[in-house]
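Results of the structural survey
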Amino acid sequence: MNLLSDKGRRVQYACLIAVLLMEVLLLLFEDRKGGIVWYILEQYMAIPAMIFLGTALCSRQTRQTKMMLLLGGAVIAWYIVVQIIHQTMGMNKAEVGTVACVYALALPFCTVSADSGKQYGLRLTGMTAVGGGVLILLYGAMLMLGKLPTFLKNYVTWDGARFCAMGHPNQCAALLMIGIAFCVGFCIRSKKRWLRGLLLVLAALQFALMSLTNGRTAIMITCLMLGGIVFCALRRPGWQRLALAALAGIAVVVVLFGASQVIFRSNVDYRIGLAVQAQRTGIMDEDTPQLDGNGKLKTGSRQGTLKQNMGTLNGRTRIWQAILSRMRDDSQLRTVGTEYVDLVIQQGGRSTPAAHAHNSWMEVWCRRGIAGLILALVLTVLAVWNVAAILWYNRNLWESCIAMLMLSLLVCAMLEPYLFADGITYYFYDFVFMMCLGYMNAWRTREGER
């Protein structure tokens, strides 16, 4: 590093902290699009990312740093090109701040700041995720106790028996999944018993609240993630010990998933009881659950039972068919994408409205064209390579925990547009993923040099 490296590194950490504080503001005031926090994120999030990039370019760069900067720069450059094309076609302008933060700051942060050892950046990101999980726990507690502030009443609600925050139960469940992963990871790192106990309690409470969202994808993947961490903790050389570790991991998955279903069904029964009691007494208010003609809770969700939805993944396969049909017919859409993914789905023959593609790679193809999809696939291959290398060779349980989180986000991305996204709604999932990817790439390189 050059003589400015120490000062530059302090600036880099300040840029990361500024971005994370903006995310805390969004979590603190909930998902209020059009509010002051949303405006701040859209207008000013690019500033710390550009300052960080400036310090990176002023420092000596390793080969790995150059690779990360070039990869992130390619994503940002193509995004800007696509935005210019879209504006010439009369489409609405999209903000670039979140894309700049993810690919100019989060992705190269580890190598630019030489932070693979102390991992301050990853730990700060993890603390933000845990803090977000605690805030959602507070929202859930206030909702259950009837103490929710007025400004949150339209954003933290019950959708039937499903707990809804951050715009949708599924999004809330995914945020809680990230919080649980970092709670477990910090528990692994910590040497203080009281802190380990507190983190495990927080993880358990977040899992219980996640169960109330009935976000089945995130719940099942979280169970698999925790089972995988147990397997990594118990595995030892020899097939018999590996088999025992695998059985323990499977047992954890089965027990946790069964517990999540019991928690949700108990809440369904409880809220049906409240609705029946309210009908008998005639005492109702805006928070009282209501029943439909079949005696079930009224809900705005189209979620059916697991058995009903398994064939089409709750309608997702039909959405994908509609997108592929539209892509075959429109070469311009394949090349440069569009800002209106919902119209693509509708024009592809999907009668039920859908706001997005319910798949990260299809979403990025729809929005940024074939070049954007190729860049997303490059990042995906790099992530899978790093995850496989860390889980296969590495015996550091903290690093294995981060690998399991990355793998979980990749699987979630097959059913939701959490990765490679632009816009604030899904920004934090992508930010965490790219931050983890930067660190894991450094860890894999370190393992290869040993």
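Read on for an overview of the structure.

The rules behind these values
Residues numbered from 1 in each chain as written. Predicted model: local features only at pLDDT ≥ 70, side-chain atom pairs only at ≥ 80, totals over all residues. Heavy atoms only, no water. Helix = DSSP H or I, 4+ residues; strand = E, 2+ residues; numbered from the N terminus. Rg over C-alpha atoms; globule rule 2.2 N^0.38 Å. Buried < 20%, exposed > 50% of the residue type's maximum accessible area, 1.4 Å probe, protein only. Contact = heavy atoms within 4.5 Å. Areas by Shrake-Rupley, 256 points an atom, 1.4 Å probe, with all protein chains shown as cover. Lys, Arg positive; Asp, Glu negative; His and termini not counted. Charge placed at Lys NZ, Arg CZ, Asp CG, Glu CD. Core = buried A, V, L, I, M, F, W, Y, C linked by side-chain atoms within 4.5 Å. 1 Å grid on protein atoms, 1.4 Å probe; cavity = no way out; pocket = protein on both sides within 12 Å on 5 of 7 lines; lining within 4 Å. Points joined across faces, edges and corners; volume = space filled by probe spheres on them. Nonpolar A, V, L, I, M, F, W, Y, C, P; charged D, E, K, R; others polar. Salt bridge = Lys/Arg side-chain N within 4 Å of Asp/Glu carboxyl O. Patch = residues over 30% accessible without salt bridge, like charges linked within 9 Å, V, L, I, M, F, W, Y side chains within 5 Å. Phe/Tyr/Trp six-rings, centres within 6.5 Å; stacked < 30°, edge-to-face > 60°. Lys NZ or Arg CZ within 6 Å of the ring centre and 35° of its normal. Axes fitted to C-alpha atoms, helices over the stretch in contact; angles between N-to-C directions. Left-handed = near helix turned anticlockwise from the far one by under 90°. Expected span 1.5 Å × (residues − 1). Parallel < 35°, antiparallel > 145°, perpendicular 65-115°, else oblique.

1. Here we look at the overall build of the protein chain
- Counting its secondary structure elements, the protein chain contains 18 helices and two strands.
- In terms of overall size, the protein chain behaves like a compact globule, its C-alpha atoms giving a radius of gyration of 22 Å where 450 residues would be expected to give roughly 22 Å.
- Along the first, second and third principal axes, the C-alpha atoms of the protein chain reach 75 × 60 × 45 Å.
- Within the span of the protein chain, comprising 450 residues, buried residues form 53% of the whole.
- Residue pairs in contact within the protein chain that sit at least 24 positions apart in sequence constitute 75% of those at least 6 positions apart.
- Of the accessible surface of the protein chain, which amounts to about 21,100 Å², a share of 63% is contributed by carbon and sulfur atoms.
- Here the protein chain holds 42 positive side-chain charges and 24 negative ones, and the gap between their average locations is 9 Å.

2. Concerning the nonpolar core
- Of all hydrophobic cores here, the largest spans 136 residues; its most connected members are Y103, F182, F431 and M434.
- Judged by nonpolar contacts, the second largest core, of six residues, contains A161, V268, A275 and L297.

3. Re the layout of surface pockets
- Here the second largest pocket defines a volume of roughly 770 Å³.
- When contributions to the lining of the second largest pocket are tallied by element, the ones reaching two or more residues are α7 (120–145), β1 (157–159) and α11 (239–281).
- Looking at the lining of the second largest pocket, the element that brings in the most residues is α11, giving seven residues.
- Looking at the lining of the second largest pocket residue by residue, the class counts come to twelve nonpolar, eight polar and six charged.

4. As for the pattern of salt bridges
- Under the defined criterion, the tally for this structure stands at five salt bridges.
- In this structure, R265 engages D269 in a salt bridge whose closest nitrogen and oxygen atoms are separated by 3.9 Å. In this pair, R265 and D269 both sit in helix α11, four residues apart, roughly one turn of the helix.
- Of the residues examined, R265 reaches a relative accessible area of 45% and is grouped as partly exposed.
- E339 is paired through a salt bridge with R367; the nearest N and O atoms lie 3.9 Å apart. Remark: R367 occurs in helix α16 (residues 360–393) and E339 occurs in the loop between α14 (331–336) and α15 (341–347); sequence separation between them is 28 residues. This pair shows no difference in class: E339 is buried, exactly as R367 is.
- Within this structure, E339, E363 and R367 form a network of salt bridges that share partners.

5. Structural notes on unusual backbone geometry
- The phi torsion at Q119 lies on the positive side, around 60°, for a residue other than glycine.
- If you trace the backbone, Q119 turns up in the loop between α6 (109–112) and α7.
- The phi angle at H358 is positive, at roughly 55°, despite the residue not being glycine.
- With respect to the helices, strands and loops of the structure, H358 is situated in the loop between α15 and α16.

6. With respect to empty space enclosed by the protein
- With the rule as written, the count across this model stands at four cavities of 30 Å³ or more.
- A volume near 110 Å³ is recorded for the largest cavity.
- Along the walls of the largest cavity sit 13 residues, with L26, M166, L175, I424 and T425 positioned nearest its centre.
- Only α1 (5–28), α8 (169–189) and α18 (427–449) provide two or more residues apiece to the lining of the largest cavity.

7. Observations regarding a nonpolar patch on the surface
- On the surface, a nonpolar cluster with roughly 440 Å² of combined accessible area is contributed by V11, Y39, Y44, I47 and I51.
- At the level of elements, α2 (36–44) and α3 (46–57) are the ones that each hand at least two residues to the nonpolar patch.
- Along the polypeptide, I51 turns up in helix α3.

8. Here's the deal with the packing of aromatic side chains
- Under the counting rule described, the total for this entry stands at twelve aromatic pairs.
- Taking 5.5 Å as the distance between ring centres and 70° as the angle between the ring planes, the aromatic pair formed by Y13 and F109 counts as edge-to-face. Taken together, the positions of Y13 in helix α1 and F109 in helix α6 put the pair 96 residues apart, joining distant regions of the chain. There is no split in this pair, since Y13 and F109 are both buried.
- Here Y418 and Y426 contribute two aromatic rings whose centre-to-centre distance is 5.8 Å and whose plane-to-plane angle is 50°, an arrangement assigned as tilted. Like Y418, the residue Y426 is buried in the burial classification.
- Put simply, the rings of Y13, F52, F109 and Y120 pair up and form one aromatic cluster.
- In this arrangement the basic side chain of R189 is found over the ring face of W398, its NZ or CZ atom lying 5.0 Å from the centre.

9. Overview of the packing of helix α13 (residues 316–329) against α16
- As a packed pair, α13 and α16 sit with axes 11 Å apart at the nearest point and diverge in direction by 30°. Considering only the axes of α13 and α16, their crossing is left-handed. Taken together, the residues of α16 that come into contact with α13 (itself represented by W320, I323, L324 and M327) are M362, W365 and C366.
- Its residues assigned to classes, the contact of α13 with α16 comprises seven nonpolar, no polar and no charged.

10. A few points about helix α17 (residues 397–413)
- For α17, built from 17 residues, the straight-helix expectation of 24 Å at 1.5 Å per residue is met to within 8% by its first-to-last C-alpha distance of 24 Å.
- For α17, the tally of buried residues reaches 14 of 17 residues, placing the bulk of the element in the interior.

11. Looking at the environment of A322
- Along the chain, the position of A322 falls in helix α13.
- Note on A322: relative accessible area 4%, which makes it buried.
- For A322 and L379, which are 57 residues apart along the polypeptide, the C-alpha to C-alpha distance reads 26 Å.

12. What to know about the packing of α8 against helix α9 (residues 193–213)
- Orientation of α8 relative to α9, taken along the N-to-C sense of each, is 165°, at an axis distance of 9 Å. Taken together, α8 and α9 sit at an angle that is classed as roughly antiparallel. Seen from above, α8 lies across α9 with left-handed handedness. Across the interface between the two elements, P169, C172, A173, L176, M177, G179, I180, C183, F186 and C187 from α8 touch R196, L199, L200, L202, A203, Q206, F207, L209, M210 and T213 from α9.

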